[in-house]
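# An overview of the molecular structure
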Amino acid sequence: MREQLSDEILGKAYDSKLMKRLLTYVKPYKKYVVLAIFLNVFVAGLAPLRPYLTKIAIDTSIANKDYESLTLITALLFISLLFQAIMQYGLTYFTQLMGQKIIYDLRVQIFSHVQKLALKFFDKTPVGRIVTRVTNDVESLNELFSSGIVMVFSDLFIIMWIFVFMFSLSFDLSLITLSVLPALFYATFLFRRKVRESYRDVRFHLARLNSYMQERVGGISIVQLFNKQKRELKKFKGINKDYRDANIKSVFYYAIFYPTVEILSSLAVALIIWYGGGKVFESTMTLGILFAFVQYTEMFFRPIRDLSEKYNIMQTAMASSERIFKLLDDKTIIPDPEKPVKLSEFRGKIEFKNVTFAYNEGETVLKNVSFTIEPGQTVAIVGATGAGKTSIVNLLSRFYEIEQGEILIDGVNIKNMRKEDLRKLICVVLQDVLLFSGTIKGNINLNNSAIGESEIKKAAAMVGAHNFINNLPQKYDEKVQEKGATLSVGQKQLISFARALAYDPKILILDEATASVDTETEILIQQAIKKLLSGRTSIVIAHRLSTIQNSDKIIVMHKGEIKEMGTHQELLAKRGIYFKLYQLQYKDQEITKTA
Ligand code: UTP
Ligand code: MG
């Protein structure tokens, strides 16, 4: 909750450092900016021209009954409107075009940066927050680029032009118009502060609503299974109500502010008519000037009102850009070496030398782990849950940096290899299989066109997945839902085996799922594993000891340390932890058999 709130805190409305950095994104589109400013000056100048033309029409043409000049001025009025419309179109189009192009670039940059970040970053960052950066935050920058920056110019230009015209027509009346400004500024100031607060509230409650929805929908089966719908609905109603009330509050401020501006502007108009009317009686002012002033006064308030909205846009954009830049500046990246070593010929020897590691400082997960896997060997790691088996695998793929010790592949420290080269060698079949939405085919070759249809089918056939895939209505083109929701656990496992085989890695790592599958699938999976392992250096993390009896070496982990190491027979002879584990499982099997 705190975290979310800190996410929503609004900083300064303008920060020159942030702005400077934001402007670097505008640089490639300089020509649009120049064009927009150019159009702006014209658009801004055209509107204030019209009251002036009206004044001439009244004072000169109408007063002198000059029909010809009246027609001319009417035509000019019409042309200026037409021009303004065309330029306005261009202005809107080009600024939006520029905004969209800029945020496209920004999204690409964020995504590519996020892909580079180390797992450590994702361990502590909720997915929702990253998604918000790419969607909401980037969107509010779009508003800044497309309407904010450029339109601020246009508002300022309009105000400037109106000033020029007003003061050239009448000094007294100009002062009267300006006399309401202090009240207007005060109203704007109050409005800005209130809206800022309520905006923060709205964002905060929206974030709550989103994360609540996300979590409950994600866990819908638990909600239904435990009959929690009513309770969840009640909670949701509460959160929803807070969100609604926050919105109503913010609408309330708008509802007060706009009429207030209207009243002030009408007040100014009334004053002008009252004072100017007297002057017209005295014949010290023409009717045309009075008429023009009424129009200028009305025209004058709109940009000022708009500017306070621009202020909000600016503020939101500043807060968003701060969050985006914080993400872009995150340096949780595992660096590649400056002079990477390339393995000229891969043999497949893996060595862990006194490796010590912690995910969080102070909580050691692996202590002084050392072992060697000879080329082509299959090594199994066993141990209780939480013993550190998956962590060993994570370190070999260099998902995390180790504090002490070294990990060598064919004698080369993995820190001296490029991550890309290292990971090309390794394929990990994860504990919980991850499938992407797409097709079965795409999930096997991960949309790598170098792995063609025939290779996909070959791999699937080898691991025994071909049969069930062939029975699907669309076969290899069958749609896979997000996370593979429509497939069974065993089917997902087989697909992930096929994926590993299709990529034909030099080093294969299997992190066995604890979930049980039926005996038939179990046999299929065992056969698949056998095929996967043959001819490569492999590490198998197993819970079912039956899987690993033929391994060249078995490593027994306990609380982050290696306690025993040897072949199945050697370890049994030792009568230590492995022996106990084996006995337990053996007994278990005996019980199920007799039952
Ligand atoms: P492992 O994930 O290495 O355990 O976590 P394991 O041996 O594979 O366990 P199973 O059999 O799959 O269940 C080792 C320790 O590291 C911590 C865990 O809390 C566990 O105590 N850990 C794991 C973290 O602190 N952060 C992580 O991201 C993962
Ligand atoms: Mg594990």
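Residues numbered from 1 in each chain as written. Chains lettered and ligands numbered in written order. Predicted model: local features only at pLDDT ≥ 70, side-chain atom pairs only at ≥ 80, totals over all residues. Heavy atoms only, no water.

### Re the overall build of the protein
As a reminder, the rule being used: By definition, any uninterrupted DSSP run of H or I lasting at least four residues is a helix, any uninterrupted run of E lasting at least two residues is a strand, and each is numbered from the N terminus. Between two residues, a contact is recorded if the distance between any of their heavy atoms is within 4.5 Å. Here, Shrake-Rupley sampling with a 1.4 Å probe gives the accessible areas, and only protein chains in the shown set may cover a residue. When charges are tallied, Lys and Arg are placed among the positive residues and Asp and Glu among the negative ones, while His and the ends of the chain are skipped. A charged residue contributes its charge at one atom only: NZ of Lys, CZ of Arg, CG of Asp or CD of Glu.
A count of helical and extended segments in the protein gives 20 helices and 12 strands. Expressed as lengths along the three principal axes of its C-alpha atoms, the size of the protein is roughly 120 × 55 × 50 Å. Counted over contacts in the protein with a minimum sequence separation of 6, partners at least 24 positions apart contribute 79%. Summed over all atoms, the accessible surface of the protein reaches about 32,600 Å², with 59% contributed by carbon and sulfur. Here the protein holds 76 positive side-chain charges and 59 negative ones, and the gap between their average locations is 2 Å.

### Details of the sheet that holds strand β12 (residues 561–566)
For the record, the criterion: Any two strands between which DSSP finds at least two bridges are classified as paired. Helix axes use the C-alpha atoms of the stretch in contact, all axes being lines fitted to C-alpha atoms, and the angles between their N-to-C directions lie in the range 0 to 180 degrees.
The six strands are arranged β6-β9-β10-β3-β11-β12 in an open sheet whose pairing can be described as mixed. Strand pairing shows two members of the sheet lacking a second neighbour, β6 (426–429) and β12, which therefore form its edges. On average, each strand axis in the sheet is inclined to that of its neighbour by 15 degrees, with strand direction left out of account. Helix-sheet contacts for helix α17 (residues 489–503) involve β6 and β9 (507–511), and the interaxial angle to β6 is about 175 degrees.

### Regarding the packing of aromatic side chains
Note the cut-off: Pairing of aromatic rings covers Phe, Tyr and Trp, the last counted by its six-membered ring, and requires centre-to-centre distances within 6.5 Å; plane angles under 30 degrees mean stacked, over 60 mean edge-to-face, and any other angle means tilted. Accessibility here uses a 1.4 Å probe with only protein chains present; expressed as a share of the type maximum, an area under 20% marks a residue as buried, one over 50% as exposed, and anything in between as partly exposed. Should the NZ of a Lys or the CZ of an Arg lie within 6 Å of a ring centre and within 35 degrees of the ring normal, that charge is described as sitting over the ring.
Throughout the structure, instances matching the rule amount to 24 aromatic pairs. Ring geometry for Tyr29 versus Tyr32: centroids 6.3 Å apart, planes at 45 degrees, classification tilted. Centre to centre, the rings of Phe257 and Tyr258 are 5.6 Å apart; their planes meet at 65 degrees, and the pair counts as edge-to-face. A residue is classified by how much of its surface remains accessible, and Phe257, at 3% relative accessible area, is buried. The structure contains a cluster of three or more aromatic residues connected by ring pairs, namely Tyr29, Tyr32, Tyr89, Tyr93 and Phe94. Directly above the aromatic system of Phe325 lies the positively charged group of Arg21, at a separation of 4.0 Å from the ring centroid.

### Digging into helix α4 (residues 67–116)
The criterion, for reference: By this rule, a helix spans an expected 1.5 Å times one less than how many residues it contains. N or O atoms closer than or at 3.5 Å make up a polar contact, with two conditions inside protein: a donor-capable atom paired with an acceptor-capable one, and, for residues adjacent in sequence, both atoms drawn from side chains.
Taking 1.5 Å of rise per residue, the 50 residues of α4 would be expected to cover 74 Å, and the 74 Å separating its terminal C-alpha atoms lies within 8% of that figure. Taking the backbone nitrogen of Glu68 as reference, a side-chain oxygen 3.2 Å away marks Asp66 as the first, capping residue of α4.

### Brief notes about unusual backbone geometry
Although it is not a glycine, Asn227 adopts a positive phi angle of roughly 50 degrees. You will see that Asn368, though not glycine, has its phi angle at about 50 degrees, which is positive. Structurally, Asn368 can be placed in strand β2 (residues 364–373).

### What to know about the pattern of salt bridges
Opposite charge on two side chains permits them to pair, given that their charged atoms come into close proximity. The line we're drawing: One speaks of a salt bridge when a side-chain nitrogen belonging to Lys or Arg is within 4 Å of a carboxyl oxygen belonging to Asp or Glu.
Enumeration according to the criterion identifies 21 salt bridges in this entry. Residues Arg21 and Asp329 are paired through a salt bridge, measuring 3.0 Å at the closest nitrogen-oxygen approach. Of this pair, Arg21 sits in helix α2 (residues 16–26) while Asp329 sits in the loop between α11 (287–328) and β1 (350–358), and the two are 308 residues apart along the sequence. Under the relative-accessibility criterion, Arg21 is labelled partly exposed at 30%. Exposure remark for Asp329: the relative accessible area of 37% places this residue in the partly exposed category.

### Remarks on the site of ligand 1
Convention followed: When at least one non-hydrogen atom of a residue lies within 4 Å of a molecule or strand, that residue is treated as near it. Only Asp, Glu, Lys and Arg are considered charged in this grouping, and only Ala, Val, Leu, Ile, Met, Phe, Trp, Tyr, Cys and Pro are considered nonpolar; every other residue, Gly among them, is considered polar.
Inspection of the region around ligand 1 gives 13 residues, with Thr385, Lys389, Thr390, Ser391 and Gln431 positioned closest. Gly388 places a main-chain nitrogen or oxygen 2.9 Å from an oxygen atom of ligand 1. At 2.5 Å from an oxygen atom of ligand 1 is found a side-chain nitrogen or oxygen belonging to Ser391. Starting from 610 Å² of accessible surface for ligand 1 in isolation, the protein chains cover 66%. The biggest single contributor to the shell around ligand 1 is helix α12 (residues 389–396), with three residues. For the shell around ligand 1, the residue count by class is four nonpolar, seven polar and two charged.

### A few points about the side chain of His205
With respect to the element layout, His205 can be found in helix α8 (residues 181–218). We classify His205 as buried; its relative accessible area is 12%. Setting aside anything within four residues of it in sequence, one finds His205 in contact with Asp242, Tyr243 and Ala246.

### What about the confidence of the model for the protein?
For clarity, the cut-off: Confidence per residue, as judged by the predictor, is encoded in pLDDT with a range of 0 to 100.
In the predicted model, the protein carries a mean pLDDT of 85, and the fraction of residues at 70 or more is 95%. Contacts for the low-pLDDT stretch residues 1–8, under 50 throughout, to residues beyond four places or in other chains number 16 contacts.

### Points about a positive patch on the surface
Formally: Residues with no salt bridge and a relative accessible area higher than 30% make up the patches, which join like charges within 9 Å and nonpolar side chains (Val, Leu, Ile, Met, Phe, Trp, Tyr) within 5 Å.
Together, Lys228, Arg231, Lys234 and Lys235 give the surface a local cluster of positive charge. Along the chain, Lys228 falls in the loop between α9 (220–225) and α10 (229–281). The exposure class of Lys228 is partly exposed, given its relative accessible area of 30%.

### A short note on the sheet that holds β1
Strand order in the open sheet formed by four strands is β2-β1-β4-β5, and the pairing between neighbours is antiparallel. Two strands close off the open sheet at either side, each with one partner strand: β2 and β5 (412–413).

### A few points about the pairing of β12
When strand β11 (residues 553–558) meets β12, the two strands line up antiparallel, connected through five bridges. Residue pairing in the sheet places His558 in a bridge with Glu561 of β12. Where β11 hands over to β12, the hairpin turn is made up of two residues, of which Lys559 adopts a positive phi near 45 degrees.

### As for the nonpolar core
Spelled out, the test is: Take the buried residues of types Ala, Val, Leu, Ile, Met, Phe, Trp, Tyr and Cys, join any two whose side-chain atoms come within 4.5 Å, and each joined set is a nonpolar core.
Counting residues in hydrophobic clusters, the biggest one holds 44 residues, and the most contacted among them are Ile440, Ile444, Ile469, Phe497, Leu510, Ile548 and Tyr578. Per-element tally for this core: the top contributor is α17, with seven residues. Not counting residues within four places of it along the chain, the set of residues in contact with Ile444 comprises Ile456, Ala460, Ile469, Tyr476, Ile495, Ala498, Arg499, Ala502 and Tyr503. Counting 34 residues, the second largest nonpolar core, distinct from the first, contains Met19, Tyr25, Val43 and Ile324.

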